[in-house]
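Here is what each chain is made of, one letter per residue.
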Amino acid sequence: MIPILRKLGRDLPAMLGLGIVLVVLVIAILGPLLAPYPEDAAAAHLLRRLKPPSAAFPFGTDNLGRDIFSRVILGARGALSIALTVVSTAMAIGVPLGLIAGYRGGWLSETIMRVTDVVLAIPQLVLALALAQLMSPSIESAMLALSLTYWPFFTRIVYAETRRLSASLFVDALRGIGASTPRIVFLHILPNAISPVIVRATIGLGFTILVAAVLGFLGMGATPPAPDWGLAIAESRTYLPRAWWYATFPGLAILITVMGFNLLGDGLRDIVDPRLRRSR
Amino acid sequence: MMPVLSVRGLKVSIHTDDGLASILDDVGLELERGRILGVVGESGCGKSTLIRAVMGILPKGASVDGGEIWFEGENLLAFSEAELNTGVRSSRIGFIPQDPLLALNPVFKVGTQLLEVMRWHAPDDGSRGNARRARHVARLVSLLRRMQVPDPEQALESYPHQFSGGQRQRLLIAAALACAPGLVIADEPTTALDVTTQHQILLLLRELVAEFGISLLFVTHDFGVVAELCDDLCVIYAGQTVETGTVRSILDAPAHPYTRALLACHPDRATSFLGIPGTVPSPFARPSGCLFAPRCLDVRPLCLSARPPQGRSSSGAEVRCVQYA
Amino acid sequence: MTPEPILALRDVSVQLGGRKGLLRRTVPPVRAVSGVSLELQEGEILSLVGESGCGKTTLGRTILGLQRESAGEILLDGASVGGLPSDAARRARRTIQYVHQDAAAALDAWWSIGRTLAEGLLIHGVRDAGERRDRVVAMLSAVGLDPASARRYPQEFSGGQLRRVALARILLLQPRVLILDEPTSGLDMSVQATVLNLLLDLRERFSLTYLFISHDLSVVERLSDRVAIMYLGRIVEAGPAKELFADPSHPYTRTLLAAAPRLSGRRASGQSLVRGDPPSHATALPGCAFFDRCPIGEPACQASMPPLEPIASAHDVACFRAAPSGAAASVHHRATTARSAASSDIVSPLRISSAKPSLGTITVRQ
């Protein structure tokens, strides 16, 4: 772990990404404590509608007079929890499937991998929209749709790694000393295969935040009055271009968060990728 | 007679994350025309850095801190990168790599790859365009036939994976000789090969040296191969030449304590497998005295304080040890 | 009467690969090992020698049980342990262990050495963590490593140290037979010497029997009690090491011995000993597999496979032209020599003229 962090320390963009991710994480955890007007998650103040940025309201106010700064801060928790739920659900489905398909071989492996290919071919947004229509739009339907479309990425990565690792000498040596299959798969292959999974998950977090925002924007995700970044941009459309701050600050929040996860993921990939391991 | 290659007091160090590593610390050797010089040392002694220094392909962060490299009367260290590229590497110094599979690009035909080298590096004979290419093809075909590659014309049209390890090594020997160099450097070219194939390649190299009048610098860790192939021998320890002389004189009567200890480890000669106690000094902290002193069985007080001078053994080898000063 | 061998192979054959497919192409299996019989006496070192692709590693894995034999019998202490799927085979043969050639790749880089060593004990039923720790520490010192190295990771060790780690890991399982796959390849000579020394020392201390797989004839000659030479999945010659090195009988053995680079130096001959490259299994023919490269082959060799037959006590050779020892043999040898056309070339395989097409005609201008 220490050498990974040290290598990451030399990679400026990755450090920037890590910084952003940590800040977003802190904001998400402490949200209501940091926001100047935590009650603005739901309240409406019709007297101060659409005020431009000022000392009292750094990001201005929205059409219901709510402090946008507070709502951006409060929105971090929602965005992150959607992302974490989706990615961990996808991992929980994808990683075991990849392990089984990679280590077992035979018809089971073939079946799993063909199903994976089929699911991979479905566009994420389209399935999410269809599910939202089917189940009535909500955060839950968005999360379900995203999880159901994201797991194949993990299956493919873990499958490839497991195939490579189970042909490797150390697995052969373990079989030689009589290690059982669960021991080999879970204690040896899984830890060795986990680095690219973490990379993919990091990038996946950013990606999911973006897609969740798109769903919110389309009205298929978060429902008002939730302080959702995508929803805020959708609501702001009516007041553009006059209330420019209404769309700009939630948009920047999405941009910076997604960029942070991507920079961190790219940095991690450079460290983990064996082809790049020699170059510093 | 002027030696083809003469390296004197070569010092190379590399800047790493952990500090300055002294890789070569006074390496000297001479290779006469038409001879085969074996360079022997254990891993990490600086063999490959020596090759890279001579060919001018030191890795990033490495610098030559002292010494000279004379090749056919010219100081290679004074050459620019462009001069080395167009006028020395491949055209006047050929190279045979250790792993023939890594040295060939799997997606191109063998002929394409060898002709590309000749296109840039073959000596100018006045011909141009297709005529020049045809001459190159003819030369490659005759070279491959000499290397005992069956059906050379077909071989040029084949891909690297279609050859066995031994045949691939023959292709690369042909590539090294294609531009008629005066010096060929071989980096452990037979370690990946089977015994009988290795034997064939060694015999082939001997014949080629005599036929083409080239000089061969043969880097290896295997004394058996040296005994089989080489005329002269240069033993390197921790970036220093410790003993140079003819193969017979050194194998029959090794003078330097390191050479003696190393030969005593060879299964053909060992009385008991004791190895050499201790480890090679770290390139980051080389001792001030003799580099082998901490492991030497004959160590004297003088050895620990100052670098030993060059001496001469009774069999005529140059030895870096106070016993022969 | 020799005592019962600790391990015996009777006519073992192994087929590799092969696939019958509905959706995919059917691939015929490759016969990697054909009809190998071997006996390993308790405490001896038997070397299995051959070039890459001769089946020596496959044979090692088959003895271990990781590869299933397609025919033949494997006896451990006289009891059959053959014909089992790999899990059952490993259980029945837990007193046989295998030490990989590439010690670094055989270790999980994510696990510390101590944890890796203790894992073997755990698998073999040592439940008490304290006992595991004690035995790991004791074994690390036994192979000449600092017990503190238990906390370190494989990347922190040198090649020689990793071989010691690999040996410690296997020896903790209290094996009786060790299959050592090229245990010194890739090591520097001074390190190789210490590893060989350790192997000899451990054999004494733990009363081990070694099956030593190697292509380094210098090491084999020094270390082995007996040697078996493999060519294309078959044993072509087997006998006591001293005898085999002093008086090799099979033309392939002679070729191999003559080709090995030795300190004694350059041989009088400047000519190739053997034509061509080691063949692949795809080219296997009904007759002797070595025929197309053999300097003394005759038509009979192409018609049928020469069986492995004794020419002296405990010395077997699979060659129609091999000279049995003794007076009758030398007469026979002279007779066969006279019969073949190329006379003097045959006597010493060192001077067999190899096919060098048109050597003199090609001169490349410098």
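Within each chain, residues carry numbers counting from 1 in the order of the written sequence. Ligands are numbered from 1 and chains lettered from A, in the order in which they are written. Predicted model: local features are reported for residues with pLDDT of at least 70 only, side-chain atom pairs are reported and counted for 80 or more only, and whole-chain, interface and lining totals are derived from all residues. With hydrogens and water set aside, each side-chain value is computed from the structure's full complement of heavy atoms.

Draft legend 1. Geometry of the pairing of strand 4 (residues 62–71) of chain B. All names here are of chain B. Any two strands with at least two DSSP bridges between them are considered paired. Starting at the N terminus, helices and strands are each numbered in turn, a helix being any DSSP run of H or I of at least four residues and a strand any DSSP run of E of at least two. One ladder, built from 8 bridges, connects strand 1 (residues 5–16) with strand 4; its direction is antiparallel. Bridging from a neighbouring strand, Val 7 pairs with Ile 69 of strand 4. Examined bridge by bridge, strand 4 and strand 5 (residues 74–75) share 2 bridges and lie antiparallel to one another. Each residue of the ladder has a partner; that of Trp 70, found in strand 5, is Asn 75. Counted along the chain from strand 4 to the antiparallel partner strand 5, the turn is 2 residues long, and its residue Glu 72 has a positive phi close to 45 degrees.

Draft legend 2. Quick peek at a nonpolar patch on the surface. Residue and element names in this part refer to chain A. On the surface, Leu 22, Leu 25, Val 26, Ile 29, Leu 30, Leu 33 and Leu 34 cluster together into a nonpolar patch covering about 650 Å² of accessible area. Following the sequence through the fold, Ile 29 ends up in helix 2 (residues 12–34). Using a 1.4 Å probe on the protein chains alone, a residue whose accessible area is under 20% of its type maximum counts as buried, one over 50% counts as exposed, and one in between counts as partly exposed. On the basis of relative accessible area, Ile 29 is assigned to the exposed category, the value being 58%. Each patch is built from residues lacking any salt bridge and having more than 30% relative accessible area; the joining distance is 9 Å for like charges and 5 Å for nonpolar side chains (Val, Leu, Ile, Met, Phe, Trp, Tyr). Values of accessible area rely on a 1.4 Å probe in the Shrake-Rupley scheme; residue burial ignores everything except the protein chains shown. Salt bridges are defined by distance alone: a side-chain nitrogen of Lys or Arg within 4 Å of a carboxyl oxygen of Asp or Glu.

Draft legend 3. Region of interest: unusual backbone geometry. Residues and elements named next belong to chain C. Although it is not a glycine, Asp 11 sits at a positive phi angle of roughly 55 degrees. With respect to the helices and strands, the residue Asp 11 is situated in strand 1 (residues 7–16). In this structure, Glu 182 is a non-glycine residue whose phi angle is positive, near 45 degrees. Position of Glu 182 among the secondary structure elements: in the loop between strand 7 (177–181) and helix 6 (189–205). Of the residues examined, Glu 182 reaches a relative accessible area of 8% and is grouped as buried.

Draft legend 4. Focus on the domain arrangement of chain B. Residues and elements named next belong to chain B. Under the domain assignment, chain B is made up of domain 1 (5–92 + 179–324) and domain 2 (103–178). Source of the domain bounds: an automatic or database domain assignment. Centre-to-centre separation of domain 1 and domain 2, based on C-alpha positions: 30 Å. Note on contacts: a residue pair qualifies if any of its non-hydrogen atoms lie within 4.5 Å across the two residues. Contact with domain 1, which involves 21 residues of that partner, is made by 18 residues of domain 2. Buried area counts how much accessible surface, traced with a 1.4 Å probe, disappears from two parts once they are put together, with both parts' losses summed. Looking only at domain 1, the three residues that lose the most surface to domain 2 are Cys 179, Leu 204 and Phe 212, adding up to 35% of its buried area.

Draft legend 5. Spotlight on the interface of chain C and chain A. Contact with chain C, which involves 22 residues of that partner, is made by 18 residues of chain A. Contact with chain A buries surface across chain C, with Asp 108, Trp 110 and Ile 123 of chain C losing the most and accounting together for 29% of the total. Ionic pairing is found between Asp 172 of chain A and Arg 61 of chain C, a salt bridge with its closest N-O pair at 2.5 Å. Polar contacts, as counted here, are pairs of nitrogen or oxygen atoms within 3.5 Å of one another; within protein the pair requires one atom able to donate a hydrogen and one able to accept it, and residues that are adjacent in sequence qualify only if both atoms are side-chain atoms. For the pair chain C and chain A, the interface holds 11 residue pairs in polar contact (both at pLDDT 80 or more). Mapped by element, the contributors of at least two residues to the side of chain C that touches chain A are helix 1 (56–64), helix 3 (113–123) and helix 5 (159–171) of chain C. Top element by residues in the side of chain C that touches chain A is helix 3 of chain C. It accounts for 4 residues.

Draft legend 6. The arrangement of the sheet that holds strand 9 (residues 232–237) of chain B in detail. Residue and element names in this part refer to chain B. Spatial strand order, 6-7-8-3-9-10-12-11: 8 strands in an open sheet with mixed pairing. Single-partner strands in this sheet number two, and they are strand 6 (93–96) and strand 11 (310–312). Each strand of the sheet is rotated relative to its neighbour by a mean of 20 degrees, with strand direction disregarded. Sheet topology note: the strand 3 (residues 36–40)/strand 8 (residues 215–220) ladder contains 5 bridges and is parallel. To obtain each axis, a line is fitted to C-alpha atoms, and for helices this fit is confined to the stretch in contact; angles are then taken between N-to-C directions over 0 to 180 degrees.

Draft legend 7. The interface of chain C and chain B, seen in detail. Each side of the interface is counted separately: chain C has 47 residues, and chain B has 48 residues. Those elements giving two or more residues to the side of chain C that touches chain B turn out to be helix 6, helix 7 (217–223) and helix 9 (251–259) of chain C. No other element matches the 9 residues that helix 6 of chain C contributes to the side of chain C that touches chain B. Across the side of chain C that touches chain B, the residue classes break down as 19 nonpolar, 17 polar and 11 charged. All residues other than Ala, Val, Leu, Ile, Met, Phe, Trp, Tyr, Cys, Pro, Asp, Glu, Lys and Arg, Gly among them, are scored as polar; the first ten of these are nonpolar and the last four charged.

Draft legend 8. Broad picture of the sheet that holds strand 7 of chain C. Residue and element names in this part refer to chain C. The sheet built from 8 strands is open, its strands ordered 6-7-8-3-9-10-12-11 with mixed pairing. Both edges of this open sheet fall to strand 6 (96–99) and strand 11 (309–312), since each of them pairs with a single strand only. The mean inter-strand angle of the sheet, taken between neighbouring strand axes irrespective of direction, is 25 degrees. With 3 bridges connecting them, strand 11 and strand 12 (residues 315–317) associate as antiparallel partners. From the neighbouring strand, Ala 312 faces strand 12, where its bridge partner is His 315. The strands touched by helix 6 are strand 3 (45–49), strand 7 and strand 8 (209–214); relative to strand 8, the strand with the most contacts, the crossing angle is about 155 degrees. Where helix 9 meets the sheet, it contacts strand 3, strand 9 (226–231) and strand 10 (234–240), and its direction lies at approximately 105 degrees from that of strand 9.

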